[in-house]
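These are the residues of each chain, in order.
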Amino acid sequence: MQAVLKVTVKGEDGKTREKRMLFDTEKSTEICDVINGFGYAVQTIFLSKGGLLFIRNNNRKELTTADQETIKDYIGEHYPERYVEAFGKVEEA
């Protein structure tokens, strides 16, 4: 599944700007599912080759982007082993 989505990126000058990019589930790494209260995988989180996280809505068959830190927080809280695989080892508390 592919979609061209708008994302906010930080340039070399430190300024943020919006940019349209192609997201492709076939060329990206599947990280984890988002499970609802009934135990169904309603969304799947992917990591693009360019290092951006995006979400596939499994019911509507659509792709979306979201705040990168919020998605990382979700992965870290619910799938810590996948977080380490995708982003590297973190310091133990």
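Above this text you will find the structure in question.
Keep in mind that this is a model prediction, so the values were computed, not measured.

Calculation notes
Residues numbered from 1 in each chain as written. Predicted model: local features only at pLDDT ≥ 70, side-chain atom pairs only at ≥ 80, totals over all residues. Heavy atoms only, no water. Buried < 20%, exposed > 50% of the residue type's maximum accessible area, 1.4 Å probe, protein only. Helix = DSSP H or I, 4+ residues; strand = E, 2+ residues; numbered from the N terminus. Pairing = 2+ DSSP bridges. Salt bridge = Lys/Arg side-chain N within 4 Å of Asp/Glu carboxyl O. Axes fitted to C-alpha atoms, helices over the stretch in contact; angles between N-to-C directions. Contact = heavy atoms within 4.5 Å. 1 Å grid on protein atoms, 1.4 Å probe; cavity = no way out; pocket = protein on both sides within 12 Å on 5 of 7 lines; lining within 4 Å. Points joined across faces, edges and corners; volume = space filled by probe spheres on them. Nonpolar A, V, L, I, M, F, W, Y, C, P; charged D, E, K, R; others polar.

Focus on the pairing of strand 5 (residues 53–57)
In terms of burial, strand 5 is largely enclosed, as 4 of its 5 residues are buried. The sheet contact formed by strand 4 (residues 41–47) and strand 5 spans 5 bridges and is antiparallel. Residue pairing across strands places Phe46 opposite Phe54, the latter belonging to strand 5. Counting the residues that bridge the hairpin from strand 4 to strand 5 gives 5 residues, and of these Gly51 lies at a positive phi of roughly 90 degrees. Pairing geometry for strand 5 and strand 6 (residues 62–64), over 3 bridges, is antiparallel.

Examining the pattern of salt bridges
For the structure on display, the rule yields 3 salt bridges. Glu62 is the partner of Arg60 in a salt bridge, and the nearest nitrogen-oxygen pair spans 3.1 Å. Since its relative accessible area comes to 59%, Arg60 is described here as exposed. Classification of Glu62 as partly exposed rests on a relative accessible area of 30%. The salt bridge involving Glu85 is made with Arg82; its shortest N-O contact spans 2.4 Å. Of this pair, Glu85 and Arg82 both sit in helix 2 (residues 80–87), 3 residues apart, which is roughly one turn of that helix. Exposure remark for Glu85: the relative accessible area of 55% places this residue in the exposed category.

Some words on the sheet that holds strand 6
Spatially, the 4 strands line up as an open sheet ordered 3-4-5-6, and their pairing is antiparallel. Two strands close off the open sheet at either side, each with one partner strand: strand 3 (29–35) and strand 6. Neighbour-to-neighbour, the strand axes of the sheet open up by a mean angle of 30 degrees, direction not taken into account. Contacting strand 3, strand 4 and strand 5, helix 1 (residues 68–78) crosses the sheet at an angle of about 75 degrees to strand 3.

Concerning the layout of surface pockets
Here the largest pocket is characterised by a volume of approximately 220 Å³. What lines the largest pocket is Lys6, Val7, Thr8, Val9, Leu52, Thr65, Ala66 and Gln68. Of the residues forming the lining of the largest pocket, the biggest block, 4 residues, is contributed by strand 1 (residues 2–10). Residue composition of the lining of the largest pocket, by class: 4 nonpolar, 3 polar and 1 charged. The calculated volume of the second largest pocket comes to roughly 180 Å³. The wall of the second largest pocket is formed by Met21, Leu22, Phe23, Asp24, Lys27, Ser28, Ser48, Lys49, Gly50 and Leu52. Looking at the lining of the second largest pocket residue by residue, the classes come out as 4 nonpolar, 3 polar and 3 charged.

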